[in-house]
Amino acid sequence: MSALRCLDIRKGYPGHEVLRGLNLEVDAGTTVAIRGASGTGKSTLLHCLGLLDTPDHGSIEIQGQRGDNLGPAARARMRARNLGFVFQAFHLLPDFSVLENIVMAARAAELPLGPATVEANRLLARLGLTGKADRNVTTLSGGERSRVALCRAVINHPAVILADEPTGSLDPATAALVVQELLALARDHQTAVVMVTHDPAIAAQCDREYQLVAGVLA
């Protein structure tokens, strides 16, 4: 069974069709890079795959369960339990500590707080952030914040991680480290990864690479 499968996805806005019958299937543990010129619809695609937006046509399945046609509450539950997100701007909550930001994903999925805290600390140690659990995220460097966002994305062992330019604001050395850890965690947890990136060197590290051209993947 595929971790992620979408068929004939179409999405547009008044006067402009962005996605034109797009198909994608990603197995567990497989990493996929998507590249394309600015404005071709890469973020629109990720929003549809992440059940944050609804396609005009087509279907999206996560682990064999269709998600695009669910009501808001059911979509939110599927998103919390089966999907992890890494954004270029990280979207960490500034009023909370590192640990609180990470376990918030587990609480959204209605998972027990105790085991989530243990897993969060394990991930922090793996990513070189031991001793920073109680720090406010605003005191961290960009590279540290990116690793906290990665911990938050994987804490629930999701079926799929969606990453939108996760290294866009990082220096080359930090970007290489973050991508290395993202791909390693995906392999270890058998998590599928769909990553939008402008960097050909990063895309080359994934199992498959696509170009988004004229609303379809090539």
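One structure accompanies this document, and this report is about it. (Residues numbered from 1 in each chain as written. Predicted model: local features only at pLDDT ≥ 70, side-chain atom pairs only at ≥ 80, totals over all residues. Heavy atoms only, no water.)

A look at the overall build of the chain
Across its full length, the chain carries 7 helices and 10 strands. Its C-alpha atoms give the chain principal-axis dimensions of roughly 50 × 40 × 30 Å. Total accessible area on the chain is roughly 9700 Å²; 52% of this is exposed by carbon and sulfur atoms. The average position of the 21 basic charges and that of the 22 acidic charges among the side chains of the chain differ by 2 Å. (Helix = DSSP H or I, 4+ residues; strand = E, 2+ residues; numbered from the N terminus. Areas by Shrake-Rupley, 256 points an atom, 1.4 Å probe, with all protein chains shown as cover. Lys, Arg positive; Asp, Glu negative; His and termini not counted. Charge placed at Lys NZ, Arg CZ, Asp CG, Glu CD.)

Points about the packing of helix H3 (residues 98–108) against helix H5 (residues 142–154)
It is at 7 Å that the axes of H3 and H5 come closest, and there the two elements cross at 30 degrees. Classified by the angle their axes make, H3 and H5 are roughly parallel. Crossing hand, H3 versus H5: right-handed. Contact residues: H3 offers Val98, Asn101, Ile102 and Ala105, while H5 offers Val148, Cys151 and Arg152. Tallied by class, residues from the contact of H3 with H5 come to 5 nonpolar, 1 polar and 1 charged. (Axes fitted to C-alpha atoms, helices over the stretch in contact; angles between N-to-C directions. Parallel < 35°, antiparallel > 145°, perpendicular 65-115°, else oblique. Left-handed = near helix turned anticlockwise from the far one by under 90°. Contact = heavy atoms within 4.5 Å. Nonpolar A, V, L, I, M, F, W, Y, C, P; charged D, E, K, R; others polar.)

Examining H5
In this model, H5 (13 residues) spans 19 Å end to end at C-alpha, consistent with the 18 Å of a helix rising 1.5 Å per residue. Of the surrounding elements, those touching the buried residues of H5 are strand S6 (83–87), H3, helix H4 (113–126), strand S7 (160–164) and helix H6 (172–189). (Expected span 1.5 Å × (residues − 1).)

So, the sheet that holds strand S10 (residues 216–217)
Here 6 strands make up an open sheet; going across it, the order is S6-S7-S8-S3-S9-S10 and the pairing mixed. The open sheet has two edge strands with one neighbour each: S6 and S10. Inspection of the sheet shows strand S3 (residues 31–35) paired to strand S9 (residues 208–213) by 4 bridges, in the parallel sense. Counterpart to Val32 in the pairing with S9 is Arg208. Against the sheet, helix H1 (residues 42–49) makes contact with S3, S6, S7, strand S8 (192–196) and S9, and its axis sits at roughly 155 degrees relative to S7, the strand it touches most. In the packing of H6 onto the sheet, contacts are made with S3, S7 and S8, and the angle to S8 comes to roughly 155 degrees. (Pairing = 2+ DSSP bridges.)

Some details on the state of the cysteines
Evaluation of the coordinates by the stated rule reveals 0 disulfides. Between Cys6, a free cysteine, and Cys48, which holds the nearest cysteine sulfur, the sulfur-to-sulfur gap is 8.9 Å. In this model Cys206 remains outside any disulfide bridge; the closest cysteine sulfur is found in Cys6, 17 Å from its own. (Disulfide = S-S within 2.5 Å.)

A short note on the pairing of strand S4 (residues 57–62)
Direction of pairing for strand S1 (residues 4–13) relative to S4: antiparallel, over a ladder of 5 bridges. Paired with Leu7 across the bridge in S4 is Ser59. Bridge count for S4 against strand S5 (residues 65–66) is 2 bridges, and the pairing is antiparallel. Residue pairing in the sheet places Glu61 in a bridge with Arg66 of S5. The loop that links S4 with its antiparallel partner S5 comprises 2 residues; one of these, Gln63, has a positive phi angle of about 50 degrees.

Notes on the side chain of Asp68
By the element assignment, Asp68 lies in the loop between S5 and helix H2 (72–82). Judged by its relative accessible area of 9%, Asp68 falls in the buried class. Among the polar contacts made by the side chain of Asp68, one reaches the main-chain amide nitrogen of Ile60 at a distance of 2.8 Å. Those residues within four positions of Asp68 in sequence are excluded, and the remaining contacts are Leu51, Thr54, Pro55, Gly58, Ser59, Ile60 and Arg75. (Buried < 20%, exposed > 50% of the residue type's maximum accessible area, 1.4 Å probe, protein only. Polar contact = N/O pair within 3.5 Å; in protein donor to acceptor, adjacent residues only side chain to side chain.)

What about the packing of aromatic side chains?
As enumerated under the stated definition, the model contains 1 aromatic pair in all. An angle of 0 degrees between the planes, with centres 5.8 Å apart, marks the rings of Phe85 and Phe87 as stacked. (Phe/Tyr/Trp six-rings, centres within 6.5 Å; stacked < 30°, edge-to-face > 60°.)

With respect to the sheet that holds strand S2 (residues 16–26)
The sheet built from 4 strands is open, its strands ordered S2-S1-S4-S5 with antiparallel pairing. Whereas interior strands pair on both sides, the edge strands pair on one side only; in this sheet they are S2 and S5.

Thoughts on the pairing of S9
Side chains on a regular strand alternate between the two faces of the sheet. Note that S9 and S10 share 2 bridges and pair antiparallel. For Val213, the partnering residue across the bridge sits in S10 and is Val216. What sits between the antiparallel neighbours S9 and S10 is a turn of 2 residues, in which Ala214 has the positive phi angle 55 degrees.

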